[in-house]
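Analysis of the macromolecular model
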Amino acid sequence: MSKSDRVAELLAACGEADPGHDPHYSGYFACFNQQLYYEAHDVLEALWLPRRRQPDGDFYKGLIQLAGAFVHLKKGRLKPAGNLFALAEANLRRYPAVHHDFALGDALELCARYRARLAVSDFRENPWTPETAPRLSLSGG
């Protein structure tokens, strides 16, 4: 199965797309909130790749990096997770407080909080658990 076929299956499994957004964008949030971080990365990457050099390229890249950081946390790779949180934060800071109906303050706070918790433990304690996994949501306008 090709990657594009897998992404199409993921989007179908997410249910009806938000009519105000590209299905890959709303699918990212659906996958992220189901703790399917690698899948969230893949879904949004399909939107990002053709737009990566456009004005929203770093926005999508930051969201992809955020999901990637949680992939690393789930696998217990704490230093790479910390690095991706820092990259995501740097990319997302370039955009206004609300961009494409997403409150960036939520993502920026998430990056800072998880980076701090990793640093305090000297990358020995994983701050992520399935029970306390964060959720991201679109503001709807």
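Structural data are supplied above this passage.
Fair warning: this is a prediction, and the values are worked out from it, not measured in the lab.

What counts, and where the lines are drawn
Residues numbered from 1 in each chain as written. Predicted model: local features only at pLDDT ≥ 70, side-chain atom pairs only at ≥ 80, totals over all residues. Heavy atoms only, no water. Salt bridge = Lys/Arg side-chain N within 4 Å of Asp/Glu carboxyl O. Helix = DSSP H or I, 4+ residues; strand = E, 2+ residues; numbered from the N terminus. Buried < 20%, exposed > 50% of the residue type's maximum accessible area, 1.4 Å probe, protein only. Axes fitted to C-alpha atoms, helices over the stretch in contact; angles between N-to-C directions. Parallel < 35°, antiparallel > 145°, perpendicular 65-115°, else oblique. Left-handed = near helix turned anticlockwise from the far one by under 90°. Contact = heavy atoms within 4.5 Å. Nonpolar A, V, L, I, M, F, W, Y, C, P; charged D, E, K, R; others polar.

**A short note on the pattern of salt bridges**
- By the definition in use, this model includes five salt bridges.
- Among the ionic pairs, Asp58 bridges to Arg94, the shortest N-O distance being 2.3 Å. Here Arg94 lies in the loop between α5 (78-92) and β1 (98-99) and Asp58 lies in helix α4 (residues 57-74), a separation of 36 residues in the sequence.
- Classification of Asp58 as partly exposed rests on a relative accessible area of 21%.
- Bridged by salt links that share partners, the residues Glu89, Arg93 and Arg115 form one connected network.

**Examining the packing of helix α3 (residues 37-48) against α4**
- Closest axis-to-axis distance for the α3/α4 pair is 8 Å, and the angle between their directions is 160 degrees. Compared by their axis directions, α3 and α4 come out roughly antiparallel. Judged by the sense of rotation from one axis to the other, the crossing of α3 with α4 is left-handed. Contact residues: α3 offers Tyr37, Tyr38, Ala40, His41, Leu44, Glu45, Leu47 and Trp48, while α4 offers Gly57, Tyr60, Lys61, Leu63, Ile64, Ala67, Phe70, Val71 and Lys74.
- Here the residues of the contact of α3 with α4 sort into 12 nonpolar, two polar and three charged.

**Focus on unusual backbone geometry**
- If you check the backbone angles, Asp122 has positive phi at about 55 degrees while not being a glycine.
- With respect to the secondary-structure elements, Asp122 resides in the segment after α6 (104-120).
- Taking the relative accessible area as the measure of exposure, Asp122 reaches 46% and is therefore partly exposed.
- The phi angle at Phe123 is positive, at roughly 60 degrees, despite the residue not being glycine.
- Checked against the element boundaries, Phe123 lands in the segment after α6.
- You can call Phe123 partly exposed: its relative accessible area is 28%.

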